[in-house]
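Here is how the chains run, residue by residue.
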Amino acid sequence: MSRFNTRTARPAVLSPVTTTGRTTTNHQGAVGHLRDARSELFLLAVANFVGTDTFYETGGTRDDRYTRLIHTVAVEDPTWLLGLLRWLRTDANMRTAAIVGAAEMTRARLDAGAHGHSRQAIDAVLLRADEPGELLAYWTARYGRNIPKPIKRGVADAVRRLYGERSLLKYDTESKGYRFGDVLELVHASPSAPWQGDLFRHAIDRRHRADAEIPGHLDVLARNVHLRHAARLNPAALLDADALAAAGMTWEDTLSLAGDRVDKAALWSGLWPSMGYMALLRNLRNMDRAGVPDDVAEAVAARLADPEQVARSRQFPFRFYAAHTAVQSLRWGHALEKALRASLANVPALPGRTLVLVDQSPSMFPGYHFSTPNTSDITPADQAKLFGSALALRAADADLVGYGIENYAVPFHRGDAVLTVMGRFRMEDGTDTPAAVRDHFKGHDRVVIVTDEQTGNMWTRTPGLTVDSTVPAHVPVYTWNLAGYRAGHAPSGAANRHTFGGLTDAAFRMIPLLESGRSATWPWEQRAAA
């Protein structure tokens, strides 16, 4: 009898999120599997909207845990941490977590007397012109006004890339504690071109004198002053889309300057061509309230649904769901569904039979039991049913299940809209993940669980049953962690048990990679190896 050369034999593959073999008690009193520092940090980073409460952790507790992990890894493996922070700010589009991470990495390395990596990390996470001031504000609020050289040099590197006339108009506002001029005076950035030298001097001048004269080479700033003066005399000047774009007028400034003196429908009709993708997505309800004509709405919808525009925008898939729930007009529905599908284009089309389980327990709804609601505009429960629905719709043959204590099949048909399938889930009490897997596993080729991993002893109908034990060892179980808590519900990293975090292209590629018999690496290492 063959012991090894069997039908279920597969190459041993590894994935990067790894448990240590040690266990603890999770937030529900059940056995939780501990991860190594890099794995815990990764899962927390991709789920951590800084300062935001989750069901089991306050924002402050999560932020403290994030800082401790950053400090540990900054000394133990700074090259890995630099890769994480760069990826976090770019592909993962996690702005605040990346900025905080770079600042705390610098603090930890300074405290340890270590050199290198910090300047590069600071530069890597600053991708928008308001972010140098954001980082300095975080640093000084936490560590005082003594700014070390790696911070200064990294910020100066970013300033040379980011500061321009249009960014000055958009981000150098009186509401900011650190204006462009403040940043320049602190870090002493050298301009990369003569025009930027004029801009730097003007940014410092206008910080100290609101009526500072604009140098002759800064044409956009001059046009902005001229247009504002013209609009005060005749608000119809704000209806000229070309003039608005040439003057670097943001949609926020234009609406503020117009007040009630300009027809809002006409104003939005002129504004939208120069607006960024995210701004359009977040202002659909305002356009409806203003009563923009159908031809304008059709043009906006076409831009939103364009797959190339969706890819360039790097919007999270759940942003399209949030926009869908915010609008009341039916004219945006098809465009938002197309945009959502485009944002999920890299969700794998899995062969064979797939069981997809989507956690809809109360802990997936932060704020449900808090007196102060969560500030996020979409819950982990929404993210879970969005990804679970998309995965099931794209799979060759899938069973889709929602669960808490009880569990239930979610019906769908090929060709259903993702947004429609999402509406078929319901919230459940408690969490019994092992029972949900046991009740619905029928010889599937793989199991995918989208959850916060906090299954509970108090809820289970079958004491002693675990996620790991409910599925044969040769069948892969993939857990998508959407909360980043310390303890997981199963082992991870090898032996057909894998945990992922983040709803990004790199995360979506993990399942096909592992099933092809290749070990998976961290997302930023995937790109380097491609």
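In the block above lies the structure referred to throughout.
Description of the structure in this document. (Residues numbered from 1 in each chain as written. Predicted model: local features only at pLDDT ≥ 70, side-chain atom pairs only at ≥ 80, totals over all residues. Heavy atoms only, no water.)

### Examining the overall build of the protein
Along the backbone of the protein there are 26 helices and 9 strands. Scaling as 2.2 N^0.38, a compact globule of 530 residues should have a C-alpha radius of gyration of about 24 Å, and the protein matches this with 25 Å. Taken along the three principal axes of its C-alpha coordinates, the protein extends 85 × 60 × 45 Å. Within the protein, the proportion of its 530 residues that are buried is 55%. For the protein, the proportion of contacts with a sequence separation of at least 24, taken over those separated by at least 6, is 69%. (Helix = DSSP H or I, 4+ residues; strand = E, 2+ residues; numbered from the N terminus. Rg over C-alpha atoms; globule rule 2.2 N^0.38 Å. Buried < 20%, exposed > 50% of the residue type's maximum accessible area, 1.4 Å probe, protein only. Contact = heavy atoms within 4.5 Å.)

### Some points on the sheet that holds strand β3 (residues 353–359)
Read from one edge of the open sheet, 6 strands run β5-β4-β3-β6-β7-β9, paired in mixed fashion. With partners counted over all chains shown, the strands left at the sheet margins are β5 (407–409) and β9 (497–501), one partner each. Sheet twist, expressed as the average angle between the axes of neighbouring strands with direction ignored, equals 20 degrees. Note that strand β6 (residues 446–451) and strand β7 (residues 477–481) share 5 bridges and pair parallel. Its bridge partner being in β7, valine 447 is matched across the sheet by valine 477. Across the sheet, helix α23 (residues 433–440) is in contact with β3, β4 (397–403), β5 and β6; its angle to β5 comes to roughly 35 degrees. (Pairing = 2+ DSSP bridges. Axes fitted to C-alpha atoms, helices over the stretch in contact; angles between N-to-C directions.)

### Points about the environment of proline 380
Within the fold, proline 380 resides in helix α21 (residues 380–394). In this structure the C-alpha to C-alpha distance between proline 380 and valine 125, which are 255 residues apart in sequence, comes to 25 Å.

### Some points on the environment of histidine 27
Here histidine 27 is to be found in the loop between β1 (19–25) and β2 (31–35). Taking the C-alpha atoms as reference points, histidine 27 and glycine 456, 429 residues apart in sequence, are found 7.9 Å from one another.

### Digging into unusual backbone geometry
Its identity as a non-glycine residue notwithstanding, asparagine 93 has a phi of 60 degrees, on the positive side. Relative to the helices and strands, asparagine 93 resides in the loop between α3 (78–89) and α4 (95–111). The backbone of alanine 495 shows a phi angle near 55 degrees, a positive value even though the residue is not glycine. Tracing the backbone through its elements, the reader meets alanine 495 in the loop between β8 (487–488) and β9.

### Observations regarding the nonpolar core
The nonpolar side chains of soluble globular proteins are, as a tendency, buried together. Of all hydrophobic cores here, the largest spans 145 residues; its most connected members are Tyr66, Leu81, Leu88, Val155, Tyr163 and Trp480. The residues contacting valine 155, other than those within four sequence positions of it, are Ile122, Leu126, Pro132, Leu135, Leu136, Val183 and Val187. Ranked by size, the runner-up nonpolar core spans 14 residues in total, among them Val401, Val437, Val471 and Val477. (Core = buried A, V, L, I, M, F, W, Y, C linked by side-chain atoms within 4.5 Å.)

### Side note on helix α17 (residues 294–305)
Given a rise of 1.5 Å per residue, 12 residues ought to cover 16 Å, and the 16 Å separating the end C-alpha atoms of α17 matches this to within 8%. Among all positions of α17, only Val296, Ala297, Val300, Ala301, Arg303, Leu304 and Ala305 are buried. Looking at the buried residues of α17, the elements they touch are α14 (264–271), α15 (277–282), α16 (284–290), α18 (307–313) and α20 (333–343). (Expected span 1.5 Å × (residues − 1).)

### Looking at the packing of helix α13 (residues 251–258) against α14
It is the contact of α13 with α14, at a shortest axis distance of 11 Å, that shows an interaxial angle of 155 degrees. Taken together, the axes of α13 and α14 are roughly antiparallel relative to one another. At the point where α13 passes α14, the crossing takes the right-handed sense. Between α13 and α14, the residues in contact are Trp251, Thr254, Leu255 and Ala258 and Lys264, Leu267, Trp268 and Leu271, respectively. Here the contact of α13 with α14 is composed, by residue class, of 6 nonpolar, 1 polar and 1 charged. (Parallel < 35°, antiparallel > 145°, perpendicular 65-115°, else oblique. Left-handed = near helix turned anticlockwise from the far one by under 90°. Nonpolar A, V, L, I, M, F, W, Y, C, P; charged D, E, K, R; others polar.)

### Examining the side chain of arginine 89
You can see arginine 89 is positioned in helix α3. Given the relative accessible area of 5%, arginine 89 is considered buried. A distance of 3.4 Å separates a polar side-chain atom of arginine 89 from the backbone oxygen of valine 125. Dropping the residues within four chain positions of it, arginine 89 is found in contact with Met94, Arg95, Ala98, Ala124, Val125, Leu127, Arg128, Glu131 and Arg314. (Polar contact = N/O pair within 3.5 Å; in protein donor to acceptor, adjacent residues only side chain to side chain.)

### Thoughts on the packing of aromatic side chains
Enumeration according to the criterion identifies 15 aromatic pairs in this entry. Relative to tryptophan 522, the ring of tryptophan 80 has its centre 5.2 Å away and its plane inclined at 75 degrees; by these criteria the two rings are edge-to-face. Separated by 442 residues along the polypeptide, tryptophan 80 in helix α3 and tryptophan 522 in the loop between α25 (510–515) and α26 (523–529) bring together distant segments of the chain. Using a relative accessible area of 3% as the deciding quantity, one classes tryptophan 80 as buried. Classification of tryptophan 522 as buried rests on a relative accessible area of 4%. Judged by centre distance (6.1 Å) and plane angle (35 degrees), the ring pair of tryptophan 251 and tryptophan 268 falls under tilted. Of this pair, tryptophan 251 sits in helix α13 while tryptophan 268 is found in helix α14, placing the two residues 17 residues apart along the sequence. Assessed through its relative accessible area of 4%, tryptophan 268 is described here as buried. The rings of Phe42, Trp80, Trp87, Trp522 and Trp524 are connected pair by pair, giving a single aromatic cluster. In this arrangement the basic side chain of arginine 107 is found over the ring face of tyrosine 143, its NZ or CZ atom lying 5.2 Å from the centre. The residue whose ring lies beneath arginine 426 is tyrosine 408, and the NZ or CZ to ring-centre distance is 3.9 Å. (Phe/Tyr/Trp six-rings, centres within 6.5 Å; stacked < 30°, edge-to-face > 60°. Lys NZ or Arg CZ within 6 Å of the ring centre and 35° of its normal.)

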